[in-house]
Amino acid sequence: MSTPAPSSPSGPPSAALQLPVTGMTCASCVRRVEKSLKAVPGVQQASVNLATESATVRGDTSLDLSALTAAVRRAGFDVATADTTLQVTGMTCASCVGRVEKALLKVPGVLAASVNLATERATVQALGTVPVATLVAAIERAGYQAEDLAAAAGAPAPTRRRLPEWWPVGLAALLTLPLVAPMLLMPFGLHLMPSPWLQLLLATPVQFGLGWRFYRGGWHALRAGGGNMDTLVALGTSAAYGLSLYLMLEHGSHAGAPHLYFEASAAVITLVMLGKWLESRAKRQTTDAIRALNALRPALARVLRDGIEQELPVDRVRVGDQVSVRPGERVPVDGVVSAGRSHVDESMITGESLPVAKSVGDRVTGGAINAEGALTLTTAAVGAETTLARIIRLVESAQAGKAPIQRLVDQVAAVFVPVVLVIAVLTVAGWMLQGAGWETALVHAVAVLVIACPCALGLATPTAIMVGTGAAARHGILIKDAQALELAHRVDTIVFDKTGTLTEGRPTVVALLPAPGHTDHEVLALAAALQRDSTHPLAHAVMQRARDQGLDLPQALEARALAGRGLQARVGEQMLLFGSSRLLQEQGLSPGTLAPAATTLEDEGRTLSWLMRAAPESGAGAELLGLLAFGDALKPSALVAVARLHARGHRTVMLTGDNAGSARAVGAALGLSEVRAQVLPADKARIVAELRAAGRVVAMVGDGINDAPALAAADVGIAMSTGTDVAMETAGITLMRGDPGLVADALDVSRRTVAKIRQNLFWAFAYNVIGIPLAALGGLSPVIAGAAMAFSSVSVVGNALLLRRWKPGHPSGR
């Protein structure tokens, strides 16, 4: 937290910040943190307390919390932070978004704040010592209401009966209709204008009753030092109402009385309310994907405990529990099938249209629907750790985020309302200088105020992102953040890992060749002993072959992975190595009599692994014990996936640690643009960086731990969910099934979403760039201007909703 610190009469004002520091263990840690903090510009004093795990920093008022946090992290420790999501009500336009963000960023201890107008949520990253109540209070001081979503989730739903949301709009329309009806009937020669006093009677409750929300919002904005849509509507309609009241009192109700503008003030308020109601209805549709995913969560699970089946709330199920799932029921937890066989419909989670066969040992995802067979599952994950919960978090995170293009909108929104007010004043002055009466000048200024569309600007980007990420999620494509969504449409080069990405990732041993003096059984037993605890696909293939032959495996000790080359371990008195041709060369060995067979296998596209005895420390030479060759089938969709990317003009590159022959065979079968073999994990990231340095926009597609550096180095990382958690956490996009065809679909949904963002921003700017000058020049009446303003927001949201119709182009993604 930050508190004002006393300053000397002659010195500059100072401030104190308290940071919760984690990871310290001793006095040397304290000194290291203090030294790092004192190096930050503006810091006058830094004191770290090991017992309370906190750092107190004093300095001038320009102290940068982000810089202090970075200093602690450079010292090798961390600052405890917490992410809070708040529901914000009362925002009406992009100006409101900027004001709420500024209010939150002024709270001492807040590191970052992002507000989304479409979801009406604020995401705040702050020091763990900042109370949520402080954040809520800051938003309320800015003139809005806020609620902690985490606390609200546990609160009981209100039971009181509420009026339908449309009733204010309906009442406003009922009161306004007699005022605007004469305008509609006038072209037919009917003059039925109500008396001035009746007009006043009808317009007043609309202006100050139903329209009070605009006064309240405008007043809060004014108190916070700015303006918003409410300000413009309140000023514009008040001017029209006040002018009408003045004219009525000045000229009375005789036949020669001038035209009154009560219908303009009432109609503008009614149209704006109608627009906001339609907008809120449309915005609810943008969150359909989240609601659909939440609906997949069953409330109860049938748990077997002590041999007795009992129904329990899902939040009481524990990892390791046996859960029974009957035919037709929704799976309540993530688990592994321990008994039974069935087909499971996972379409809402993976986008796969056909049910997937499940039997003992297979993983089943919570939220899927069990088909014809009864299943018993061993619970593997519950609550926030389930796949479904993680999917929902990813989608919510993407929908709450801001695309880089939003920065331009935020800059415009910051000055939008003041500029419109200046234009309104200039409109009055301009018309007065042209000799028009002040009544005419004021009416045109009212039109300027009410046609301004800050709402459309604020909604243009977030609504498109919400609908786009939701549509992608329904078809098995999870987009983690808005930046990945915006960058993906510019990708021109796609880099693929081979094993598990383009191939099935389930290799089998297709050849086993012992070196002279050794036997098949010896080579297989030693190779399996080395890989007993490995999770690598090749290790699974070796272990399966050893199990099939019923071999007794010796004990391997001191096992160690050799990055990108293989592994080594001690068996008895000998140090054994098992790995690639690169590892063979590093040991100074040649294939010898196995060379012809190795060349033939490589040409067939097989992956080779060599079993070697390392040279002992005494200096005697290393020895080749044998060769294992593996085959891994290409994924059925890989050829179509690459062809689709080439048809769109993308360049495709495959990086693999495999041998050149195997890589060439896969590259030729798929028609890849470029193939690079025998690539170490660190080299994958370097090659991706080289492609980017050459001006390419690169997407990296992978599924393994060794792909994580390359996924992070790419402009856009795309991970297969069939791979490791590390790959998925690093990537910006996750494909919920191991189908490379989804890569083109991910790029396509990005392209379409960005197109919608640009369309929305074009129309949002066009409404203002065309409408405001037109109103200032007298080309629009206040009523028409109000209608255009209301229509602008609805049209932007409606255009974004067209993304819901997006369907993947790949045949398997129906």
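Residues numbered from 1 in each chain as written. Predicted model: local features only at pLDDT ≥ 70, side-chain atom pairs only at ≥ 80, totals over all residues. Heavy atoms only, no water.

Digging into the packing of aromatic side chains
Remark: the centre distance and the inter-plane angle together describe each pair of aromatic rings, the angle taken between the planes. Heads up, the condition is: For this analysis, a ring pair means two rings from Phe, Tyr or Trp (six-membered ring only for Trp) whose centres lie within 6.5 Å, classed as stacked if their planes differ by under 30 degrees, edge-to-face if by over 60, and tilted for the remaining angles. In this text, helices come from DSSP runs of H or I with a minimum length of four residues, and strands from runs of E with a minimum of two, each type numbered from the N-terminal end. Note on exposure labels: buried denotes an accessible area under 20% of the residue type's maximum, exposed denotes more than 50%, and partly exposed covers the range between, all computed with a 1.4 Å probe on protein chains only.
This model, assessed by the stated rule, comprises 6 aromatic pairs. Ring geometry for Tyr241 and Phe262: centres 5.4 Å apart, planes at 70 degrees, overall edge-to-face. With Tyr241 in helix α9 (residues 229-251) and Phe262 in helix α10 (residues 262-286), this pair connects stretches of sequence that are 21 residues apart. Residue Tyr241 is classed as buried on the basis of its relative accessible area of 8%. Aromatic pair Phe762 and Trp763: ring centres 5.2 Å apart, planes at 75 degrees, arrangement edge-to-face. For Trp763, a relative accessible area of 48% gives the class partly exposed. Linked through ring pairs, Phe208, Trp212, Tyr215, Tyr241 and Phe262 together constitute an aromatic cluster.

Details of the sheet that holds strand β15 (residues 356-358)
Basically, it comes down to this: A strand pair is defined by DSSP finding two or more bridges across the two strands.
Overall, antiparallel pairing links the 3 strands, which are arranged β15-β14-β17 in an open sheet. Sheet topology places β15 and β17 (369-370) at the edges, where each strand pairs with a single neighbour. One ladder, built from 3 bridges, connects strand β14 (residues 342-345) with β15; its direction is antiparallel. Each bridged residue has a counterpart across the sheet, and for His343 the counterpart in β15 is Ala357.

Quick look at helix α15 (residues 438-451)
Just so we agree on the cut-off: Helix span, as expected, comes to 1.5 Å for every residue beyond the first.
With 14 residues, α15 extends 20 Å from end C-alpha to end C-alpha; this agrees with the ideal 20 Å at 1.5 Å per step. For α15, the buried fraction is high: 10 of the 14 residues fall into the buried class. Those residues of α15 lying buried are Ala441, Val443, His444, Ala445, Val446, Ala447, Val448, Leu449, Val450 and Ile451.

A look at the sheet that holds strand β24 (residues 574-579)
Quick reminder of the rule: A fitted line through C-alpha atoms serves as each axis, taken over the contacting stretch for helices, and the angle formed by two N-to-C directions is quoted from 0 to 180°. When checking whether two residues touch, look at their non-hydrogen atoms; a contact exists if any pair is within 4.5 Å.
Taken together, 6 strands build an open sheet; the order of strands is β21-β26-β25-β24-β23-β22 and the sheet is antiparallel. Unpaired on one side and paired on the other, β21 (508-514) and β22 (556-562) mark the two borders of the sheet. Within this sheet the neighbouring strands show an average axis-to-axis angle of 20 degrees, counted without direction. In the packing of helix α21 (residues 595-603) onto the sheet, the strands contacted are β21, β25 (607-613) and β26 (623-631), and the crossing angle to β25 comes to about 150 degrees.

Examining unusual backbone geometry
Most peptide bonds take the trans form, and the phi angle of most residues other than glycine is negative. Positive phi, normally seen in glycine, also occurs at Glu558, with a value near 55 degrees. Structurally, the position occupied by Glu558 is in strand β22. Residue Gln678 is not a glycine yet carries a positive backbone phi of 50 degrees. Of note, Gln678 is situated in the loop between β28 (674-676) and α24 (681-693). Given a relative accessible area of 32%, Gln678 falls into the partly exposed group.

A short note on the environment of Ser47
Residue placement: Ser47 occurs in strand β3 (residues 43-49). Among the residues examined, Ser47 registers a relative accessible area of 37% and is labelled partly exposed.

Remarks on the confidence of the model for the chain
The test is simple: The predictor attaches a confidence to each residue, called pLDDT, with possible values from 0 through 100.
Residue-level pLDDT values for the chain average 81, and 89% of them are 70 or greater. Put simply, strand β1 (residues 2-5) is where the chain has its lowest mean pLDDT, 46, and helix α22 (residues 638-647) is where it has its highest, 92.

Side note on the packing of α22 against helix α27 (residues 741-776)
Selection rule: All residues other than Ala, Val, Leu, Ile, Met, Phe, Trp, Tyr, Cys, Pro, Asp, Glu, Lys and Arg, Gly among them, are scored as polar; the first ten of these are nonpolar and the last four charged.
Two elements in contact, α22 and α27, have axes separated by 7 Å at closest approach and are oriented at 35 degrees. Only Gly741, Val743, Ala744, Asp745 and Leu747 of α27 make contact with α22, whose side of the interface consists of Ala641, Arg644 and Leu645. When grouped by side-chain class, the residues that make up the contact of α22 with α27 number 5 nonpolar, 1 polar and 2 charged.

Some words on the nonpolar core
Note the threshold: Think of a nonpolar core as a cluster: buried Ala, Val, Leu, Ile, Met, Phe, Trp, Tyr and Cys residues, connected wherever their side-chain atoms sit within 4.5 Å.
In terms of nonpolar packing, the biggest core is built from 157 residues, with Leu37, Met91, Ile477, Ile494, Ile733 and Leu735 touching the most fellow members. By residue number, the principal contributor to this core is α27, which donates 12 residues.

Quick look at the pattern of salt bridges
Selection criterion: In the sections that follow, a salt bridge refers to a side-chain nitrogen of Lys or Arg positioned within 4 Å of a carboxyl oxygen of Asp or Glu.
Scanning all chains against the criterion turns up 22 salt bridges. Where Asp748 meets Arg751, a salt bridge forms, and the shortest distance between an N and an O atom there is 2.7 Å. Separated by 3 residues within a single helix, Asp748 and Arg751 lie in helix α27, roughly one turn from each other. Each of Arg302, Glu309, Glu311, Arg326 and Glu329 takes part in salt bridges that share partners, so that together they form one network.

Considering the pairing of β24
Put simply, side chains in a regular strand alternate between the two faces of the sheet. In terms of residue burial, β24 counts as a mostly covered element, since 5 of its 6 residues are buried. If you look at the hairpin formed by strand β23 (residues 566-571) and β24, you'll find 2 residues sitting between the two strands, and Gly572 has a positive phi there, around 65 degrees. Sheet topology note: the β24/β25 ladder contains 4 bridges and is antiparallel. Across the sheet, Gly579 pairs through a bridge with Trp610, a residue of β25.

What to know about the environment of Gly786
If you trace the backbone, Gly786 turns up in helix α28 (residues 782-801). Given a relative accessible area of 0%, Gly786 falls into the buried group. Remark: the alpha-carbon pair of Gly786 and Val446, spanning 340 residues in sequence, is separated by 9.7 Å. Setting aside anything within four residues of it in sequence, one finds Gly786 in contact with Val268, Leu271 and Val450.

Description of the environment of Arg560
Here Arg560 shows up in strand β22. Dropping the residues within four chain positions of it, Arg560 is found in contact with Leu567 and Gln568.

Observations regarding the UniProt feature "transmembrane region" (unreviewed entry) in the chain
What counts is decided by this rule: UniProt positions are given in the numbering used here, feature names are shortened, and annotations may be inferred rather than shown by experiment.
Here the UniProt feature "transmembrane region" (unreviewed entry) sits at residues 166-185, 197-215, 227-248, 260-278, 412-433, 445-467, 760-777 and 783-803. Across residues 760-777 one finds 94% helix and 0% strand; the C-alpha atoms that close the span lie 26 Å apart. Helix makes up 90% of residues 783-803 and strand 0%, and the two end C-alpha atoms of the span are 32 Å apart.

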